[in-house]
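# Commentary on secondary and tertiary structure
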Amino acid sequence: MAITKSEKFNTTPDLLYNAVQDVAREELRDYYNFVEWDMANKKGSLKYMGAKGEFLVTNASELNINISIGFPVSLKANESDTVKKIEQLYEELRKKFQ
């Protein structure tokens, strides 16, 4: 299963990147410790037991999330729950940057 979402926010790329880390820590806590954060490129990369993904903040303050969930992590994480968590992450970011 693959999940892709992109949205632009009314803030600076640095503030958005920091907010993504903070919100992801809460909303994606099962996977947060498996994300390698790269401040220079404003990117987070996830690789964990068949799950891989990327959180990328562009210079235009757009957050792009691409996640694919494969075996064996797919036994624990289902698509609808993961989509809900990603949607909640975006909702929390919208609240911060209204």
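Residues numbered from 1 in each chain as written. Predicted model: local features only at pLDDT ≥ 70, side-chain atom pairs only at ≥ 80, totals over all residues. Heavy atoms only, no water.

Here we come to the overall build of the protein chain. Across its full length, the protein chain carries three helices and five strands. Listed by position from the N terminus, the elements making up the protein chain come as β-α-α-β-β-β-β-α. The C-alpha atoms of the protein chain give 13 Å as radius of gyration, which agrees with the globular expectation for 98 residues (13 Å, within 12%). By principal-axis analysis of the C-alpha atoms, the protein chain measures approximately 35 × 25 × 20 Å. In the protein chain, buried positions account for 38% of the 98 residues. Sequence separation of 24 or more characterises 56% of the internal contacts of the protein chain that already satisfy a separation of 6 or more. As presented, the protein chain carries roughly 5700 Å² of accessible surface, and 48% of it is formed by carbon and sulfur atoms. Across the protein chain, the mean location of the 14 positive side-chain charges is 1 Å away from that of the 15 negative side-chain charges. (Helix = DSSP H or I, 4+ residues; strand = E, 2+ residues; numbered from the N terminus. Rg over C-alpha atoms; globule rule 2.2 N^0.38 Å. Buried < 20%, exposed > 50% of the residue type's maximum accessible area, 1.4 Å probe, protein only. Contact = heavy atoms within 4.5 Å. Areas by Shrake-Rupley, 256 points an atom, 1.4 Å probe, with all protein chains shown as cover. Lys, Arg positive; Asp, Glu negative; His and termini not counted. Charge placed at Lys NZ, Arg CZ, Asp CG, Glu CD.)

Examined against the element boundaries, Thr-82 turns out to sit in helix H3 (residues 79-96). In this view, Thr-82 contacts Ile-3, Ile-69 and Ala-77; residues no more than four positions away in its chain are not counted.

Further remarks concern helix H1 (residues 13-27). Taking 1.5 Å of rise per residue, 15 residues should cover 21 Å, and H1 covers 20 Å from first to last C-alpha, within 8% of that figure. Buried within H1 are the following residues: Pro-13, Leu-16, Tyr-17, Ala-19, Val-20, Gln-21, Val-23 and Ala-24. Residues of H1 that are buried in the fold lie against helix H2 (29-32), strand E2 (35-38), strand E3 (43-48), strand E4 (51-57), strand E5 (62-69) and H3. (Expected span 1.5 Å × (residues − 1).)

Time to look at the nonpolar core. In terms of nonpolar packing, the biggest core is built from 26 residues, with Leu-16, Leu-63, Ile-65, Leu-89 and Leu-93 touching the most fellow members. Only H1, H2, E4, E5 and H3 provide two or more residues apiece to this core. Ignoring anything within four residues of it in the chain, the contact list for Ile-65 reads Ile-3, Thr-4, Lys-5, Glu-54, Phe-55, Ile-86, Leu-89 and Tyr-90. (Core = buried A, V, L, I, M, F, W, Y, C linked by side-chain atoms within 4.5 Å.)

Purely spatial values, then, with no claim about function.
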